[in-house]
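Residue-level structural notes
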Amino acid sequence: MESNRLFDDNANRGPVECLGLTFSNDEDRRKYFRNKLKEKLKDPEFRKIEGFPKGSDEDILNLSDPPYYTACPNPFIDDFIKHYGNPYDPEEKYSREPFAADVSEGKNDPIYNAHSYHTKVPHKAIMRYILHYTEPGDVVFDGFCGTGMTGVAAQMCGNKEAVEALGNEVKKDGAILDESGKPFSKLGARYAVLNDLSPSATFIAYNYNTPVDAKAFESEAKKILKEVEEECGWMYYTLSSEKPEDIEKARKLLSERGKEFTKELLPWGRINYTVWSDVFSCPECGGEIIFWEVAVDKEEGKVRSEFSCPHCGASLTKKRMDRVVETKFDATIGKTVKQAKQVPVLINYSRGKKRYEKTPDEFDLALIEYIEKNEIPYWYPTYRMPEGFNTEQPKISHGFTHVHHFYTKRNLWVLSAVYSRLDSQVARLLFTSQLINVSRLNRYRPGVSFPYNPLSGTLYVGSQVSEPYVFTALLNRIKRLVDAFYLKECSGSIGASSATTLQIPNLSTDYIFTDPPFGGNLMYSELNFLWEAWLKVFTNNEPEAIMNSVQKKGLLEYQELMSRCFEEYYRVLKPGRWMTVEFHNSQNSVWNAIQEAIQRAGFVIADVRTLDKQQGTFKQVTSTGAVKQDLIISAYKPNGGLEDRFKLEAGTEEGVWDFLREHLKRLPVFTEKNGSSELIVERTDYLLYDRMIAFHIQRGRSIPMSASEFYKGLRERFPERDSMFFLPNQVNEYDRKRINVSELRQLSLFVTDENSAIQWLRLQLQNKPQTFQELQPQFMPISRSWAKHEKEIELKELLEDNFIKYDGEGSIPAQIWSWLQKSSKLREKMKDLTPETADISLKAEAKERWYVPDPARAQDLERLREKALLREFDEYRSHMGKKIRIFRTEAVRVGFKRLWTEKDYKGIVEVADKLSDKVIQEDPKLLMYYDNALTRLGE
Ligand SMILES: C[S@@+](CC[C@H](N)C(=O)[O-])C[C@H]1O[C@@H](n2cnc3c(N)ncnc32)[C@H](O)[C@@H]1O
């Protein structure tokens, strides 16, 4: 549609440079690249790319602004990266620690609020990450970019005021200082490569990441609105008079002169919004009931849950009643449709500067009828809504099967009139930004003054709908958009494609920030349909990474798609570089699926944190239990050296220590909060062990050593401080900083199973060897949340299997001895004694205390415990019949590890099938073995 002047925003600017070429102005640049895109679209192979949006060549071209943005896979990314990126240098010296910042910071920002989306991470929050991990000019990537906040953040890193607004000082030379005054980053924009499956999301992202001539936009938008208001304003006329003669006169005028009725002088007012109410029928007497009349308490501004029938007095609830359904002919689709009856019940209007409310009168009803009878003279979307989860709700409740059903005729008319005049991309953005608010998804909520109240993340149609005045909605948004324009030049590349098949070169990006779909929380392709219907290019939902029964995608399909996306992430990221995954956890199985997908792709997780909303601080997350909030996962792509060496060393001891040295390099050395240092849980022996196991399993390798051999080797090779392990060159830094803080803050652990109970006991006993009597009262309350399927193990048994008790005979164990030395009472007495020469009174102090065994003893204990666990596991293996409901997860873990070493993948799958699916999905370790065993079996 060449006649549509879409890209006029900067048409007069020139000359312009783009990807190494010079054009006399932006319009020439677009023409050149649009021709290239046009050619490309003719290539059937190009259109075969997985997830290619649904739309004609013309509509895709219309929506695109190549090379920066294409409403399809962006074929210019290669050139973009060649032009802006730095090739991967295996020798580069790059090192960063994992980082976590509040992902909800900046929700009041005008940029954030310019266009809503079902979920968004504010760019301010992302800036902190980008500043931490990258240098100016680096390439930042987000494959689930949504509205493109990662791109905004990347560009804002070059904006001094924006960086300062985060609380950082920026020096003259561009150095950015952290809170302690140390330089940690540099001022300068980063380049963004953005991608999303949804064309409407990328359309929003494009607008957010492209310079706009704010003045031109403002005057263009206002001009259009004025024009359409002049043309369509008559639809919102109402009488500010209750006089029957006025009403009669107005009605007559309308029937005689049609829309020209406004020419006559009457006490006219202009509608701000009209409230529509559902109509039900009484199950007792069959009488029609207008929900608004019986259920809404206008004084209190509340909806009553119980009320009585105005006809027969029967006591009713909304559930007990049936909706009244109207059958009408929908001329736009040439079919009869059955829809829930809704009638106008309240009009809020303005006359002069004052606002009034009224019940619709005969004229108002006649006007609505008049509009209904007339044909809209403009194009508007009439597509059928896709089959789906969200789309089912309005279909069932109100019979809304097509896009145009989501608007009142009046608002649809105005929208189509506005749409027909839109000339620029940004004007279209203005349009989409209010589409939901002016639709019939806008609930009327008595008592809530904010005019727009759709239920976000759904297509829910309420029993009372507020039909707002479209012009006010759009006019108010102009200002918001203008406040959000900030860019001077375009330095991003945006495309609409599936993250499962990215058109991005290998090893080309320097950092990834991403916020993937969270299981079945939001059905983006269904929700975005209302926008895409106007943009005429639709999401191809085949590779959409969600759980959705209509799309026949459950947890496994979701995990499979996410794994493929993360494999692509892995491919495009440079080795040694970081990825931050923000994830809102509402279901542990989904969280495990994500975790598994990240690791299967090859990434190593180095830190998982959640924001403690009350304290505003970050908590490390060790187990999945009980975490239902935003998680920040920091994962890195191991550097090329390690992966190459590992191919040769895999399955050997050397491979284990090689991995560990690389891994320790990337963990934080010291973290301090409010004067106390924090235990970095990723440095503790058991988590290092878990990460080492994961690294092997995910690469299909067997694990060459037992846990106790690992713990022993760990202690022999790496210095230990406060139960954490360091590289020799890190330990000095730790010691230096640790001196200045008084206290080491321990983690609060949830005990949900045997494994977490052992970890909890280790932490307790490492700090202080204790007797059973001392431990029991502490253990009781924290062990109440033991998982349902988990066989409960008594404290006594836990202690006997994993720890050692000093029986009062022979020399006092070193751990107890050093703890006794902390007592000022005993210190004096102990001065001339040794653990071997301790007297009876000291031995009495030490007696009956449990302590953490030294590595040699730990090995003996582990062997014994493992034997017992394997015996138990063998029972599960021979179990026949129904699923095993209660078992010892530790036994299954140990059993799986043995079967993995024996390459008995079938055995793993067989036992897993005897346990509940949910348990496997919610336990990251079991899931890891099961998933990898399935892969090995080629399932
Ligand atoms: C949580 S949202 C991202 C929101 C974004 N952080 C923002 O601030 O606007 C997840 C996005 O993933 C997209 N998506 C789902 N499956 C995808 C796939 N296979 N490839 C690329 N994007 C996908 C959805 O369209 C959705 O926009």
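Residues numbered from 1 in each chain as written. Predicted model: local features only at pLDDT ≥ 70, side-chain atom pairs only at ≥ 80, totals over all residues. Heavy atoms only, no water.

Let us look at the nonpolar core. By size, the foremost hydrophobic cluster in this structure holds 237 residues, and its most contacted members are Phe566, Tyr569, Ile598 and Phe710. Among residues more than four places away in sequence, those in contact with Ile598 are Phe566, Met579, Val581, Phe603, Ile605, Ile633 and Ala635. Grouped together as the second largest cluster of nonpolar side chains are 16 residues, Val751, Ala757, Trp760 and Phe803 included. (Core = buried A, V, L, I, M, F, W, Y, C linked by side-chain atoms within 4.5 Å. Buried < 20%, exposed > 50% of the residue type's maximum accessible area, 1.4 Å probe, protein only. Contact = heavy atoms within 4.5 Å.)

Looking at the second largest pocket, its volume works out to about 1,700 Å³. Considering the residues around the second largest pocket, the lining is formed by 37 residues, among which Glu97, Phe99, His132, Asp178 and Glu179 are closest to the centre. Per-element tally for the lining of the second largest pocket: the top contributor is strand β7 (residues 183-186), with four residues. Partitioned by chemical class, the residues of the lining of the second largest pocket number eleven nonpolar, nine polar and 17 charged. (1 Å grid on protein atoms, 1.4 Å probe; cavity = no way out; pocket = protein on both sides within 12 Å on 5 of 7 lines; lining within 4 Å. Points joined across faces, edges and corners; volume = space filled by probe spheres on them. Helix = DSSP H or I, 4+ residues; strand = E, 2+ residues; numbered from the N terminus. Nonpolar A, V, L, I, M, F, W, Y, C, P; charged D, E, K, R; others polar.)

This next bit is on helix α20 (residues 555-572). For α20, built from 18 residues, the straight-helix expectation of 26 Å at 1.5 Å per residue is met to within 8% by its first-to-last C-alpha distance of 26 Å. Those residues of α20 lying buried are Leu555, Tyr558, Gln559, Leu561, Met562, Ser563, Cys565, Phe566, Glu568, Tyr569, Tyr570 and Val572. (Expected span 1.5 Å × (residues − 1).)

The final tally for this structure, using the stated rule, is 63 aromatic pairs. A centroid spacing of 5.3 Å and a plane angle of 70° characterise the contact between Phe400 and Phe406, whose relative ring orientation is edge-to-face. Like Phe400, the residue Phe406 is buried in the burial classification. Ring centres 4.7 Å apart and planes at 35° place the aromatic pair Phe726 and Tyr734 in the tilted group. Pair check on accessibility: Phe726 and Tyr734 agree, each one buried. We note Lys120 situated over the ring of Tyr112; from NZ or CZ to the ring centre the distance is 4.8 Å. Between Arg762 and the ring centre of Tyr711, over which it is positioned, the NZ or CZ distance is 5.8 Å. (Phe/Tyr/Trp six-rings, centres within 6.5 Å; stacked < 30°, edge-to-face > 60°. Lys NZ or Arg CZ within 6 Å of the ring centre and 35° of its normal.)

Contact pair helix α6 (residues 123-133) / helix α7 (residues 149-156): the axes reach a minimum separation of 8 Å and the direction vectors enclose 60°. Considered as vectors, α6 and α7 are oriented oblique to each other. The crossing of α6 and α7 is right-handed. Here His123, Ile126, Met127 and Ile130 of α6 come into contact with α7, specifically with Met149, Thr150, Val152, Ala153, Ala154 and Met156. Taken together, the residues of the contact of α6 with α7 sort by class into eight nonpolar, two polar and no charged. (Axes fitted to C-alpha atoms, helices over the stretch in contact; angles between N-to-C directions. Parallel < 35°, antiparallel > 145°, perpendicular 65-115°, else oblique. Left-handed = near helix turned anticlockwise from the far one by under 90°.)

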